[in-house]
Amino acid sequence: QLQLVESGGGLVQPGGSLRLSCAASGPIFDINAMAWYCQPPGKQRELLATITSGGGTNYADSVKGRFTISRDNAKNTVYLQMNSLTPEDTADYYCNADITLKVTRHSSGYWGQGTQVTVSL
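Every chain begins its residue count from 1, and numbering advances along the sequence as written. Selection of residues for local features in this predicted model requires a pLDDT of at least 70, selection of side-chain atom pairs for listing and counting requires 80 or more, and totals for whole chains, interfaces and linings are taken over all residues. Water and hydrogen atoms play no part in the side-chain values, which are based on all heavy atoms of the structure.

## Some remarks on the pattern of salt bridges
The salt bridge definition used is simple: a Lys or Arg side-chain nitrogen within 4 Å of an Asp or Glu carboxyl oxygen. By the definition in use, this model includes two salt bridges. The salt bridge involving Asp61 is made with Lys64; its shortest N-O contact spans 3.2 Å. Accessibility assignment for this pair places Asp61 and Lys64 in one class, exposed. With a closest N to O distance of 2.8 Å, Arg66 and Asp89 form a salt bridge. Of the two residues, Arg66 is situated in the loop between strand 6 (57-59) and strand 7 (67-72) and Asp89 in the loop between strand 8 (77-82) and strand 9 (91-101); the sequence distance between them amounts to 23 residues. When sorted by exposure, Arg66 lands in the same class as Asp89, which is buried. Burial here depends on accessible area, computed with a 1.4 Å probe over protein chains only, as a share of the maximum for the residue type. Under 20% is buried, over 50% is exposed, and the range in between is partly exposed. To qualify as a helix, a DSSP run of H or I must reach at least 4 residues; to qualify as a strand, a run of E must reach at least 2; elements of each kind are numbered from the N terminus.

Listed below in structure tokens is the structure:
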């Protein structure tokens, strides 16, 4: 069964850093683009950063210069390094991956279960 499992969330003080990880496992033929989203309390989910299979990246203006997305294709894992965190970054963070399945060779987007990040004193 295909799974995306996030880890690395938690409580951090303003100005601090966290590194989120999201590992995909299961009947994977290939992983295309991967992305990180956040959903602040009471708000809609929003796209933060994307990374292509070749390593090309794109960021939302709100996180440019503070967050870095990267991936390890050998481990089917995407990371989000978050620096200079502020209380406004408090949210549930989700990874998304466009995955081609081994048997069907069908591609579809898959979501992780989310990991909570709280930025507070």
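## Notes on the side chain of Glu6
Assignment of secondary structure puts Glu6 in strand 1 (residues 3-7). With no salt bridge to any partner, buried Glu6 finds its closest opposite charge in Arg45, at an N-O distance of 7.4 Å. In the analysis that follows, any N or O atom pair within 3.5 Å is treated as a polar contact, provided that within protein one partner can donate a hydrogen and the other can accept it, and provided that, for residues neighboring in sequence, both atoms belong to side chains. Separated by 2.6 Å, the side chain of Glu6 and the backbone nitrogen of Cys95 make a polar contact. Here Gln113 takes part through its backbone nitrogen, which lies 2.9 Å from a polar atom of the side chain of Glu6. Contact criterion: two residues are considered in contact whenever any of their non-hydrogen atoms come within 4.5 Å of each other. Apart from residues no more than four positions distant in its own chain, Glu6 is found in contact with Ser21, Cys22, Trp36, Tyr93, Tyr94, Cys95, Gly112, Gln113, Gly114 and Thr115. Positive charges come from Lys and Arg alone, negative charges from Asp and Glu alone, with His and the N- and C-terminal ends not counted.

## A short note on the pairing of strand 10 (residues 107-111)
Each pair of strands is called paired provided DSSP finds at least two bridges between the two strands. The pairing of strand 9 with strand 10 spans five bridges and is antiparallel. Bridge pairing in strand 10 links Asn96 to Trp111. Between strand 9 and the antiparallel strand that follows it, strand 10, lie five residues; Arg105 among them carries a positive phi value of about 60°.

## Looking at the nonpolar core
Ranked by size, the top nonpolar core spans 31 residues in total, and within it Trp36, Leu80, Met82, Tyr93 and Ile99 carry the most contacts. Every element with two or more residues in this core is listed here: strand 3 (18-25), strand 4 (28-39), strand 5 (46-51), strand 7, strand 8, strand 9 and strand 11 (115-119). Of all the elements, strand 9 adds the most residues to this core, at six residues. Once residues within four sequence positions are removed from consideration, Tyr93 is found in contact with Glu6, Leu20, Trp36, Tyr37, Cys38, Leu48, Phe67, Leu80, Met82, Gly114, Thr115 and Val117. Working definition of a nonpolar core: buried Ala, Val, Leu, Ile, Met, Phe, Trp, Tyr and Cys residues. They are joined through side-chain atoms within 4.5 Å.

Remember that the coordinates give geometry; whether it matters functionally is a separate question.
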